[in-house]
Amino acid sequence: MKILVTGGAGYIGSHTVIELLAENYDVVVFDNFYNSSKKAIERVKEISGKDFPFYEADMLKKEDMEKIFSEHPDISAVIHFAGLKAVGESVQKPLLYYHDNMVGTLNILDCMKKYSCKNFIFSSSATVYGDPAEIPITENCPKGTCTNPYGWTKWIQEQMLCDVQKANPDWNVILLRYFNPIGAHISGKIGEDPKGIPNNLLPYVAKVASGALEKIHVFGQDYPTKDGTGVRDYIHVVDLAKGHVKAVKRLEKNDGVLVCNLGTGKGYSVLEIIHAFEKACGKTLPYVIEERRAGDVATCYSSPKKAEEVLGWKAEKDILEMCQDSWRWQSQNPNGYGE
């Protein structure tokens with residue numbers, strides 16, 4: 001099976017390419033490097049010891065997508081990571097997010113239809129649940145009201161893919177709803193490299209540990225949780241990548257539309273994350289308590305039972321391992337993929 005990985009130089013995409021290659025899948029990868037680096041592709045090849053076709057391409061350009069599919073008409077599945085993903089930026093630039101994420105996906109789907117590629121695995125998010133109706137969150141939990149344009153683009157793309165499959169019953173669509181990916185490859189060669197000041201907790205904590213940032217800002221300590229700070233489900237990016245390999249194998253079952261959460265089923269508080277990272281890096285990390293952020297919920301974690309039952313997948317790495325791998329990447333690459 002030949003698989004097209006969109007956004008394959010990104011954080012989750014690069015780790016997934018490594019796991020696909022380890023299972024001897026043929027991969028074709030493209031990325032436009034908007035929020036990623038050419039070095040990630042070089043290091044994926046170094047880690048895997050394998051070469052693969054790579055295109056510097058933009059999914060917004062139909063001619064770029066046509067070139068890839070015309071040169072690889074035997075692509076039989078797409079794993080779709082490409083897209084804009086910064087929550088804060090999406091609030092500031094909603095038109096950019098709706099345009100790029102929707103139009104890019106439509107261009108890929110058009111080429112898939114033209115070349116009879118009928119398998120689509122979508123990089124979705126637990127954000128589609130909004131303020132969840134139940135904890136732990138199961139796949140039966142109704143999709144909710146998203147709190148930002150980024151989340152709405154995931155919500156709408158999910159609906160769009162379901163409609164495409166309904167109109168084309170021979171298609172298979174797997175919607176993978178991630179919780180909070182952290183960690184890095186054990187080699188320390190690839191990891192998360194956010195541009196500017198990180199929006200997410202772990203990269204921010206890592207920057208404080210490295211001395212690049214002064215202190216961690218903890219938003220709220222009066223939630224009804226064990227220590228008053230928000231609780232989230234963190235999953236190692238390698239576990240997440242392996243979940244995509246399992247999803248590829250599941251395509252053989254021809255489920256039509258399949259929805260799966262990818263999480264650990266465990267919730268960790270902000271302070272637990274900070275203390276776990278302190279163990280990983282061997283130093284005390286300064287933090288300050290701030291007011292709650294609007295839109296944040298107290299607790300959000302998954303039920304991963306369905307993924308175990310239908311994909312045969314279960315997260316294996318614990319929170320200390322996640323933090324150790326994050327610190328290895330950060331300490332070996334203090335400027336990320338930059339010089």
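Per an unreviewed UniProt entry, the protein chain goes by UDP-glucose 4-epimerase and derives from Oribacterium sinus F0268. Looking at the Catalytic activity (unreviewed entry) heading of the UniProt record, one finds this comment for the protein chain: "UDP-alpha-D-glucose = UDP-alpha-D-galactose".

This paragraph deals with the overall build of the protein chain. Scanning the protein chain from terminus to terminus reveals 11 helices and 14 strands. Over its C-alpha trace the protein chain gives a radius of gyration of 19 Å, about what one expects of a compact globule, namely 20 Å for 339 residues. Overall, the C-alpha framework of the protein chain stretches about 55 × 45 × 40 Å when taken along its three principal axes. Considering the protein chain as a whole, with its 339 residues, one finds that 56% of them fall into the buried category. If you take every contact in the protein chain between residues at least 6 apart in sequence, the share linking residues at least 24 apart comes to 79%. Side chains of the protein chain carry 39 positive and 44 negative charges; the gap between the two charge centres is 2 Å.

By the definition in use, this model includes one cavity of 30 Å³ or more. Each pocket or cavity is described by its volume, and for the largest cavity that value is around 140 Å³. Along its surface, the largest cavity is lined by 15 residues, and Glu192, Pro203, Ala206, Trp329 and Gln330 are the ones closest to its centre. Those elements that provide at least two residues to the lining of the largest cavity are α7 (201-210) and α11 (319-332). For the lining of the largest cavity, the element with the highest residue contribution is α7, accounting for four residues. Counted by class, the lining of the largest cavity contains eight nonpolar, four polar and three charged residues.

By the element assignment, Ala86 lies in the loop between β4 (75-80) and α4 (87-92). For the pair Ala86 and Pro194, spaced 108 residues apart in sequence, the C-alpha separation works out to 9.6 Å. When sequence neighbours within four positions are dropped, the list of residues in contact with Ala86 reads Tyr97 and Asn199.

Attention now goes to the layout of surface pockets. To locate leftover empty space, one rolls a probe as large as a water molecule over the atoms. By volume, the second largest pocket is sized at about 230 Å³. Lining the second largest pocket we find 15 residues, and of these Thr264, Lys266, Pro304, Lys314 and Ala315 sit closest to its centre. Taken together, the residues of the lining of the second largest pocket break down into five nonpolar, three polar and seven charged.

All right, on to the sheet that holds strand β12 (residues 268-269) then. The three strands are arranged β12-β9-β14 in an open sheet whose pairing can be described as mixed. Edge positions in the open sheet fall to β12 and β14 (299-300), since each of these has one partner strand only. Sheet topology note: the strand β9 (residues 231-232)/β12 ladder contains two bridges and is antiparallel. Across the sheet, the residue bridging to Arg232 is Tyr268, located in β12.

Checked against the element boundaries, Ser303 lands in the loop between β14 and α10 (305-311). You can call Ser303 buried: its relative accessible area is 10%. Excluding residues within four positions of it along the chain, Ser303 makes contact with Pro136, Ile137, Thr138, Glu139 and Asn261.

So, on to unusual backbone geometry. For the peptide bond that leads from Ile135 to Pro136, omega is 0 degrees, which places it in the cis range. Mapped onto the elements, Pro136 comes out in the loop between β5 (119-125) and α6 (149-167). Positive phi is not limited to glycine here, since Phe33 has a value of about 60 degrees. Relative to the helices and strands, Phe33 is located in the loop between β2 (26-31) and α2 (38-48). The residue Asn254 is not glycine, and still its phi comes out positive at about 55 degrees. On the secondary structure map, Asn254 appears in the loop between α8 (237-250) and β11 (257-262). Classification of Asn254 by relative accessible area gives exposed; the value is 56%.

On to the packing of aromatic side chains. Scanning all chains against the criterion turns up six aromatic pairs. Arranged with centres 6.4 Å apart and planes meeting at 35 degrees, the rings of Phe120 and Phe122 form a pair that is tilted. Each member of the pair, Phe120 together with Phe122, is buried. Note that Lys45 overlies the ring of Phe52, its terminal NZ or CZ placed 5.1 Å from the centroid.

For interface size, the figure often reported is the accessible area lost on association. What the domain assignment lists for the protein chain is domain 1 (2-184 + 234-264 + 303-315) and domain 2 (201-230 + 267-302 + 321-332). The C-alpha centroid of domain 2 is placed 27 Å from the C-alpha centroid of domain 1. Across the contact, 17 residues belong to domain 1 and 14 residues belong to domain 2. Interface area for domain 1 against domain 2, summed over the two sides, is near 1400 Å², with a carbon-plus-sulfur share of 71%.

Rules used in this analysis
Residues numbered from 1 in each chain as written. Predicted model: local features only at pLDDT ≥ 70, side-chain atom pairs only at ≥ 80, totals over all residues. Heavy atoms only, no water. UniProt positions renumbered as here; feature names shortened; annotations may be inferred. Helix = DSSP H or I, 4+ residues; strand = E, 2+ residues; numbered from the N terminus. Rg over C-alpha atoms; globule rule 2.2 N^0.38 Å. Buried < 20%, exposed > 50% of the residue type's maximum accessible area, 1.4 Å probe, protein only. Contact = heavy atoms within 4.5 Å. Lys, Arg positive; Asp, Glu negative; His and termini not counted. Charge placed at Lys NZ, Arg CZ, Asp CG, Glu CD. 1 Å grid on protein atoms, 1.4 Å probe; cavity = no way out; pocket = protein on both sides within 12 Å on 5 of 7 lines; lining within 4 Å. Points joined across faces, edges and corners; volume = space filled by probe spheres on them. Nonpolar A, V, L, I, M, F, W, Y, C, P; charged D, E, K, R; others polar. Pairing = 2+ DSSP bridges. Phe/Tyr/Trp six-rings, centres within 6.5 Å; stacked < 30°, edge-to-face > 60°. Lys NZ or Arg CZ within 6 Å of the ring centre and 35° of its normal. Domains from an automatic or database assignment. Buried area = accessible area lost by both parts, 1.4 Å probe.

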